[in-house]
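Coordinate analysis (summary)
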Amino acid sequence: MKAPIRVAVTGAAGNIGYALLFRIASGDCFGKDQPVILQLLEVTPSMSKLEGVVMELLDCAFPLLQGVEISDDPNVAFKGANQCFLVGSRPRGPGMERSDLLKVNGAIFTAQGKAINDNAAADVRVCVVGNPCNTNALIAMHSAPNIPADRFTAMTRLDQNRAASQLAAKLGKPVTSIKNLVVWGNHSPTMFADYLHATVDGVPVVDLIDAEWLSTTFIQTVAQRGKAIIDARGQSSAASAAGAAIDHMATWFHGTAPGEWASVAIPSQGWYGVPKGLMFSFPVTIKDGVFTVVEGLKHGAFAQGKIDITTRELEEERAAIADLLS
Ligand code: NAX
């Protein structure tokens, strides 16, 4: 039996948390032979709700679950953590401007980044899900100067999964036949679900699907999917978001399969002209926990225009919280 790894999850009593914890504990993320200890963080008023979630976790009698610890103190929750899912964040309240949202979450992610810096294991890896996730990840990264920057990521995998699923449905093919679909930029409606390099069973998607549908309906459906789910369900995506977080961390932990790309928001080193340091979603391959950006993809005017828009939005977000980065 392998030694257990410590997996910290914030916002653990929330909707995504409820869909995520059971899958981590059952081995869906880190493997069916990898024991885990869950370290769950919540705000003080939600601790009793979290206790209920823990009762359910224990009642599942998961063979791989070797312990569950709960706390409202980030220094406790991140102690020795190897893998961190930062899910909890403050939602946008009535009358709240986007800049207010960035600031209020800035305080949360500054504190959590510092707690990760001071307490986590040397091999810690962080996936930020809580929105605005790219900029929250940027803030956490800056607050953790002793941890290599490329251990901080934000999740755009849900956008990738949504996009792949839309293409597969349109073509009447299994989702596994879709490859090289890339999400560029921010996890927001400005992200660009780049179908131009995508293939289905090795054939370019653009050779099989009407260009007008791809550049309008497809792009809009993926960008507005979160809203469509809220409209239909009365609640935001939870199981699919948890599924994407599992995919994100599983791919990072196990590596990408040969020829497979994943979309991950990582600190830019200037790839594709994206300003250095922006937490930007790129296509990557992963080996031994290390990201390699897929370079050399060519963008025409349409794609470049989309990438420019999402880049500008991330630059504006960064400018809004610049005081937290100095
Ligand atoms: P919920 O409101 O159901 O749960 C959030 C939980 O976080 C709550 O239990 C709350 O008490 C807790 N929390 C708040 N501040 C905290 C803090 N400082 N420390 C620890 N816990 C804290 O939201 P849920 O539906 O679970 O969504 C969580 C986050 O994921 C939101 O920010 C949401 O916008 C974001 N999403 C991100 C997605 C992505 O693709 N990156 C997609 C899904 C989702 O919209």
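As a starting point, this report considers the structure included with it. From a predicted model like this one, the values you see are computed outputs, not experimental measurements. (Residues numbered from 1 in each chain as written. Predicted model: local features only at pLDDT ≥ 70, side-chain atom pairs only at ≥ 80, totals over all residues. Heavy atoms only, no water.)

Details of the pattern of salt bridges
For clarity, the cut-off: Put simply, a salt bridge is a Lys or Arg side-chain nitrogen that is within 4 Å of an Asp or Glu carboxyl oxygen. Secondary structure elements follow DSSP: runs of H or I no shorter than four residues count as helices, runs of E no shorter than two count as strands, and numbering proceeds from the N terminus. Exposure is judged per residue with a 1.4 Å probe applied to protein chains only, and the accessible area is read against the type maximum: over 50% gives exposed, under 20% gives buried, and values in between give partly exposed.
Evaluation of the coordinates by the stated rule reveals nine salt bridges. For Arg-6, the salt bridge is made with Glu-69, and the minimal N-O distance between the two is 3.5 Å. On the criterion of sequence distance, the pair formed by Arg-6 in strand E1 (residues 5–10) and Glu-69 in strand E3 (residues 65–71) is long-range, its members being 63 residues apart. Judged by relative accessible area, which is 27%, Arg-6 ranks as partly exposed. Glu-69 sits in the partly exposed class, given a relative accessible area of 38%. Through salt bridges with shared partners, one network takes in Arg-23, Asp-28 and Lys-32.

Some remarks on the site of the ligand
This is how the line gets drawn: For this description, a residue counts as near a given molecule or strand if any of its non-hydrogen atoms is within 4 Å of it. Any pair of nitrogen or oxygen atoms within 3.5 Å is treated as a polar contact; in protein, a donor-acceptor pairing is required on top of that, and neighbouring residues in sequence qualify only through side-chain atoms on both sides. Accessible areas in this description were obtained via Shrake-Rupley with a 1.4 Å probe; residue shielding takes into account the shown protein chains only. Gly is placed with the polar residues, together with every amino acid not listed as nonpolar (Ala, Val, Leu, Ile, Met, Phe, Trp, Tyr, Cys and Pro) or charged (Asp, Glu, Lys and Arg).
Around the ligand, the surrounding shell holds 24 residues, and the nearest of these are Asn-15, Ile-16, Glu-42, Ser-89 and Asn-131. Within the backbone of Asn-15, an N or O atom sits 2.9 Å from an oxygen atom of the ligand. Contact between the ligand and Ile-16: an oxygen atom at 2.9 Å from a main-chain N or O atom of the residue. Coverage of the ligand by the protein chains reaches 81% of its 870 Å² of free accessible surface. At the level of secondary structure, the elements contributing two or more residues to the shell around the ligand comprise helix H1 (15–25) and helix H4 (98–119). Looking at the shell around the ligand, its residues break down into eleven nonpolar, twelve polar and one charged.

Focus on the sheet that holds strand E11 (residues 203–204)
Heads up, the condition is: Criterion used throughout: strands pair if DSSP finds at least two bridges between them.
Taken in spatial order, the three strands of this open sheet run E7-E10-E11, and their pairing is antiparallel. Two strands lie at the open edges of the sheet, namely strand E7 (178–179) and E11, each paired on one side alone. Where E7 lies against strand E10 (residues 199–200), two bridges are found, and the strand directions are antiparallel. Among the inter-strand pairings, Ile-178 is bridged to a residue of E10, identified as Val-200.

Observations concerning helix H6 (residues 157–171)
Heads up, the condition is: To estimate how far a helix should reach, multiply one less than its number of residues by 1.5 Å.
Here H6 is 15 residues long and its end C-alpha atoms lie 21 Å apart, about the 21 Å a rise of 1.5 Å per residue gives. Those residues of H6 that sit buried are Arg-157, Leu-158, Asp-159, Gln-160, Arg-162, Ala-163, Ala-164, Gln-166, Leu-167 and Ala-168. The first or second residue beyond H6 is Gly-172, which carries a positive phi of 65°.

Here we look at the packing of H4 against helix H10 (residues 301–320)
For clarity, the cut-off: Every axis corresponds to a line fitted to the C-alpha atoms, with the helix fit spanning only the stretch in contact, and the corresponding angles, defined between N-to-C directions, vary from 0 to 180 degrees. If an angle is under 35 degrees, it is roughly parallel; if it is over 145, roughly antiparallel; if it lies from 65 to 115, roughly perpendicular; otherwise it is oblique. By definition, any crossing whose near helix is turned counterclockwise from its far helix by less than a right angle is left-handed, and any crossing with a clockwise turn is right-handed. Contacts are assigned to residue pairs that have any heavy atoms within 4.5 Å of one another.
Remark: H4 packs on H10, axes separated minimally by 9 Å, with the N-to-C direction vectors making an angle of 60°. Considering the angle they form, H4 stands oblique to H10. The handedness of the crossing between H4 and H10 is right-handed. In contact with Arg-98, Leu-102 and Lys-103 of H4, H10 contributes Glu-313, Glu-317 and Ala-320. Of the residues contributing to the contact of H4 with H10, the split by class is two nonpolar, no polar and four charged.

Describing H4
Quick reminder: α-helices carry 3.6 residues per turn. Residues three or four places apart thus point the same way. Over its 22 residues, H4 extends 31 Å from the first C-alpha to the last, a length consistent with the 32 Å expected when each residue adds 1.5 Å. Among the residues of H4, Leu-101, Leu-102, Asn-105, Gly-106, Phe-109, Gln-112, Gly-113, Ala-115, Ile-116, Asn-117 and Asn-119 are the ones counted as buried.

What about the pairing of strand E14 (residues 290–293)?
Burial along E14 is one-sided: Phe-291 and Val-293 are buried, while Val-290 and Thr-292, pointing the other way, are not. Note that strand E13 (residues 279–287) and E14 share four bridges and pair antiparallel. Looking across to E14, one finds that Ile-286 is bridged to Phe-291. Taking the residues between adjacent antiparallel strands as the criterion, E13 and E14 are bridged by two residues, where Asp-288 takes a positive phi near 50°.

Concerning the side chain of Thr-153
Structurally, Thr-153 is set in strand E6 (residues 152–154). A relative accessible area of 0% means that Thr-153 is categorised as buried. In terms of polar contacts, Thr-153 uses its side chain to reach the backbone carbonyl oxygen of Val-126, at 2.7 Å. Aside from chain neighbours lying at most four places away, what touches Thr-153 is Val-126, Cys-127, Val-128, Ala-137, His-248, Trp-252, Val-264, Ala-265, Ile-266, Met-279 and Phe-291.

Points about the nonpolar core
This is how it is decided: In this text, buried Ala, Val, Leu, Ile, Met, Phe, Trp, Tyr and Cys residues form a nonpolar core when linked through side-chain atoms within 4.5 Å.
Ranked by internal contacts, the top residues of the largest apolar core, which has 79 residues, are Val-9, Phe-85, Leu-167 and Phe-218. Here this core gets eight residues from one element, more than from any other, and that element is helix H9 (residues 239–254). Not counting chain neighbours up to four residues away, the residues in contact with Leu-167 comprise Ile-178, Leu-181, Ala-198, Val-205, Ile-209, Trp-213, Leu-214 and Phe-218. Counting residues in each nonpolar core, the second largest holds 29 residues, with Ala-120, Ala-144, Ala-154 and Met-279 among its members.

Side note on the state of the cysteines
Note the following rule: The disulfide criterion is simple: two cysteine sulfur atoms within 2.5 Å.
Per the stated rule, a full pass over the model turns up zero disulfides. Cysteine Cys-60 remains unbridged, with the sulfur of Cys-29 as its closest cysteine sulfur at 17 Å. What makes Cys-60 partly exposed here is its relative accessible area of 38%. The thiol of Cys-127 is not disulfide-bonded; the next cysteine sulfur, from Cys-133, is found 7.9 Å away. A relative accessible area of 0% places Cys-127 in the buried class.

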